[in-house]
Structures are given as structure tokens and as C-alpha cells.
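# Observations on the model geometry
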Amino acid sequence: MGVFSSGGVGIDLGSANVTIFLESEGVVLREPSYVLASRDDPDNVLACGRDARQMLGRTPRAAMLVSPVMDGAVGDIEMTTTLLRELSEKAIGRRRALDRTRVVVSMGLGVTRVERAALEEAVKALDARRAALVRSTVAAAVGAGVSIDEPKGVMVVNIGGSTTEVAVLSADGVAASRSVRTGGMALDEAIIRYIRNEKGLVIGQRTAEDLKIDIGSAGKQEPESAEDVLLRGRDVRTGKPATVSVSPKDVNKAILPPLQTLLENIREAFENTPPELAADILERGVYLSGGGARLEGLRERLSELLSMPVHMSGSPEDDVAAGAGAIAADERLAFRLRKSGCLIEL
């Protein structure tokens, strides 16, 4: 029997969220990549995922909120292992949830040897029956149903929380790639700065993210249906609670600089693609993936910039986890990806 021959678990380990996919059920969990631990004893974990994120901006002095995965890389091995173990048990519904499974975890394109070694150590500590790492753009393509086995280039753009990866895939491998350490969180930070500077209001990361989702747009014109929102925060001058009105135009002004940088990086990646592969991409288009792809108008804006079709699945935020799960369940696919170097068994 093959290593990944009968079902499996796919995990998208992102800077913003951890998404878990089970072959028999689909995506069963998506929670923030946060760990709440005791400040005096970091080994004493108080909460993980959504429960920990609810403490963002409200952390008591005795506790600290940690993001163990930043810029697509593991910064704290033990806390990453704890995060994965706790959320896996929550998703599967039993202790030692991964000890009988075959699990495939996503790995960024731009990770260094040291960062990859840290990720390997964190995943091995889960004590899964068999485990492997897969390149996140490859998993995104598989999850979105994109054919990558032919010797024809296809471009996948995966926009995560803190990293955007652009890869040209061909013959089950990565023919060209570029990783830029900017993503959805950069837009949130831009909104925080804008609201502080232009509205005199201090807001947190959660509020900024909600604003981006609710009324943000990558389009050149604000959506006709969008309305102004009342935003509560702390007045910059007095330090007292205050309320201001924020329009979609405000949010679009805030995110325009990092958004432009993001789009330019994608365009440069395409311009540096070998001519033969570029011709294939012009024919097949670009596939947009990741939670950042959800920004309204982004697909259309990117299509206009590149002058080619840009495709997106119905749930781009699920693509990587779904692809990792499919690879864990399909021995033939796993074998092909091992040969191309995109899948690394642990």
C-alpha cells in the first residue's frame, strides 16, 4: 500500500489562518494563527486559534499573544506544533488526532533552509502516521482544479496574509517563481495608518481587516452599493473613545499604495517568465488563489493590468488546504510531485 493511498489531511499553515481539509468532509476548520500563552511560562498555552485572536488588543499583562508563523515561515517551533495539534484535535474531534492519518502541510516558495528545517521539526512533532510538505502554489493549483501535469506553463498567484507567491507551474513542477513578503496584512496596516493620520482615530488590526472586507475594493471606482460606516476607536489627541464616519473611498485611498506594489510585483514576475512559458500563460490565463484574492475587484484589476484572463475558484481561501488534502489522498499525484521536488516526505 502506498504512503498516501487511502485518505488524508491537508493543512494550509498560513501567517493569518490555519485551514484544515479532510478528504471525506472538505474544509472543516479555518482559524487564526494565534497562540495565547503565559508571559512567565510560554509553555503554558492558554488558547489557540479563534479563542486566542479574540484577545487581540485585550491581552492581560500576565499573558502574551503570539503569531508563531510570520511571513510564511515558522518563527517558534514549539508554539507552531501546539497550534497545529490543538486545531487538528478540534477539527477531527479526538485527542492525538493525526496519529492515524497521512498529513500534507503547505510550505512557502521563499522559505530558507533554516525556515524549512523549523517547519519540518514542527510537523514531525505532530506524530502523524506519515507526513509531507508541499509547495503552497502547487497545492493551490491542485485545490483549484488546475491541470499541472502537462509540459505547458500555467501561472498561479497565491495571496496570503503576509506573503504573495507567484509561480509558473509545468510538468508537475515549479518552472519559475517569485515570493514577495506582502499580502493582506499589509492592506490592514495601511488602513490603520490612514485612519490614524486622516481621521485622528486609533483602531486595531481586527477592525481594519473588517473594514477591508466590508467596504474595501481594488477597483478604480468605489462600489455603488457600498455605504459609509461608523467606526469606534480612540481619539489620537484626547485618548478618549470616539466615533468617526469612514467611506469606501477612504478605504480605497488607504490600500492603494500597498495594492499597487502587489500588482506591480505580479506583473514583474510575468515579465520575467521565459518566453515559451509566457506564451502558454497568455493562452491559459492566470489563476488567483488565497484569502487575499477575495478583495472585491482584484481579479478584474489584475486582468486589466496583465491583459489576459484571470481565473479564480469559488473558494480561493480553501485552495491550498484542499490541494494538500487531495495530494495526501492520491498516491499517484504524490509520487509525481515527489519526483519533481514539490513534495517532501518527512
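Computed from a prediction, not measured in an experiment: that's the story for all the values here.

## Some remarks on the packing of helix H5 (residues 184-199) against helix H6 (residues 205-215)
Interaxial distance between H5 and H6 falls to 8 Å at its minimum, and their mutual angle equals 105°. In this view, H5 runs roughly perpendicular relative to H6, as classed from their interaxial angle. Along its contact with H5, which presents Gly 184, Leu 187, Asp 188, Ile 191 and Ile 192, the element H6 presents Gln 205, Ala 208, Glu 209, Leu 211 and Lys 212. Class assignment for the residues of the contact of H5 with H6 results in 5 nonpolar, 2 polar and 3 charged.

## Overview of the sheet that holds strand E4 (residues 35-38)
Strand order in the open sheet formed by 3 strands is E5-E4-E6, with antiparallel pairing between adjacent strands. Unpaired on one side and paired on the other, strand E5 (45-48) and strand E6 (63-66) mark the two borders of the sheet. On average, adjacent strands in this sheet sit at an angle of 20° to one another, irrespective of strand direction.

## A few points about the pairing of strand E3 (residues 26-32)
Bridge count for strand E2 (residues 17-22) against E3 is 6 bridges, and the pairing is antiparallel. Residue pairing in the sheet places Ile 20 in a bridge with Leu 29 of E3. In sequence, E2 turns back onto E3 through a hairpin of 3 residues.

## Things to note about the pattern of salt bridges
Scanning the model with the defined rule gives 19 salt bridges in all. As a salt-bridge pair, Glu 31 and Arg 50 come within 3.2 Å of each other at their nearest N and O atoms. A residue pair is termed long-range when its members are at least 10 positions apart, and Glu 31 in strand E3 and Arg 50 in helix H1 (residues 50-53) qualify at 19 residues. Among the salt bridges present, the one from Glu 209 reaches Arg 53, with a minimum N-O distance of 2.6 Å. Highlighted residues: Glu 209 in helix H6 and Arg 53 in helix H1, separated in sequence by 156 residues. A residue is classified by how much of its surface remains accessible, and Glu 209, at 22% relative accessible area, is partly exposed.

## A word on the environment of Gly 145
Among the secondary structure elements, Gly 145 is positioned in the loop between helix H4 (136-143) and strand E11 (154-159). Residue classification places Gly 145 among the exposed positions, given a relative accessible area of 64%. Spatially, the C-alpha atoms of Gly 145 and Leu 346 are 26 Å apart, while their sequence positions differ by 201 residues.

## So, the side chain of Ser 15
Residue placement: Ser 15 occurs in the loop between strand E1 (9-13) and E2. A polar contact is formed between the side chain of Ser 15 and the side chain of Ser 162, at a distance of 2.8 Å. What Ser 15 contacts, discounting residues up to four positions off in sequence, is Ser 33, Val 69, Met 70, Asp 71, Gly 72, Ser 162 and Met 185.

## Digging into the sheet that holds strand E16 (residues 241-246)
Reading across from one edge, E14-E15-E16 is the order of the 3 strands in this open sheet, with antiparallel pairing throughout. This sheet does not close on itself; its edge strands, each paired only once, are strand E14 (201-202) and E16. Where strand E15 (residues 229-235) lies against E16, 6 bridges are found, and the strand directions are antiparallel. Note on E16: the bridge partner recorded for Arg 234 is Pro 241. On top of the sheet, H6 reaches E15 and E16; it is set at about 165° to E15, its chief contact.

## Focus: helix H8 (residues 275-284)
If you check which residues of H8 are buried, you get Leu 277, Ala 278, Asp 280, Ile 281 and Arg 284. Mapping the buried residues of H8 onto a view down its axis gives an arc of 160°, with all of them on the same face. Relative to its buried face, H8 has exposed residues pointing more than 90 degrees away, namely Pro 275, Glu 276 and Glu 283. Tucked into the core, H8 has its buried residues touching E11, strand E12 (164-170), strand E13 (173-180), helix H7 (248-271), strand E17 (286-289) and strand E18 (310-312). Among the residues trailing H8, Gly 285 stands out with phi positive, at a value near 90°.

## Quick notes on the pairing of E1
In terms of burial, E1 is largely enclosed, as 5 of its 5 residues are buried. Neither face of E1 is exposed, since Val 9, Ile 11 and Leu 13 on one face and Gly 10 and Asp 12 on the opposite face are all buried. Where E1 lies against strand E9 (residues 102-107), 3 bridges are found, and the strand directions are parallel. Residue pairing in the sheet places Val 9 in a bridge with Val 103 of E9. Relative to E2, E1 runs antiparallel, the two being bridged by 5 bridges. The partner of Leu 13 across the bridge, within E2, is Val 18. Between E1 and E2, which pair antiparallel one after the other, the connecting turn spans 3 residues.

Rules behind the numbers
- Each residue is numbered by its place in its chain's sequence as written, counting from 1.
- Side-chain atom pairs in this predicted model are given and counted only at pLDDT of 80 or more, local residue features only at pLDDT of at least 70, and totals for whole chains, interfaces and linings cover all residues.
- Heavy atoms throughout the structure, all of them, feed into the side-chain values; hydrogens and water do not.
- Every angle, taken between N-to-C directions, lies between 0 and 180 degrees, and every axis is a line fitted to C-alpha atoms, over only the stretch in contact when it is a helix.
- Counting from the N terminus, the helices are DSSP H or I runs at least four residues long and the strands are E runs at least two residues long.
- Each angle gets one of four labels, with under 35 degrees taken as roughly parallel, over 145 as roughly antiparallel, 65 to 115 as roughly perpendicular, and the rest as oblique.
- When checking whether two residues touch, look at their non-hydrogen atoms; a contact exists if any pair is within 4.5 Å.
- All amino acids are sorted into three groups, where Ala, Val, Leu, Ile, Met, Phe, Trp, Tyr, Cys and Pro are nonpolar, Asp, Glu, Lys and Arg are charged, and the leftover types, Gly among them, are polar.
- Note on pairing: two strands pair once DSSP finds at least 2 bridges between them.
- Whenever a carboxyl oxygen of Asp or Glu lies within 4 Å of a side-chain nitrogen of Lys or Arg, that contact is scored as a salt bridge.
- Exposure classes here rest on a 1.4 Å probe applied to the protein chains alone. A residue is buried below 20% of its type maximum, exposed above 50%, and partly exposed in between.
- Any pair of nitrogen or oxygen atoms within 3.5 Å is treated as a polar contact; in protein, a donor-acceptor pairing is required on top of that, and neighbouring residues in sequence qualify only through side-chain atoms on both sides.
- Arc definition: directions from the helix axis to the C-beta atoms.

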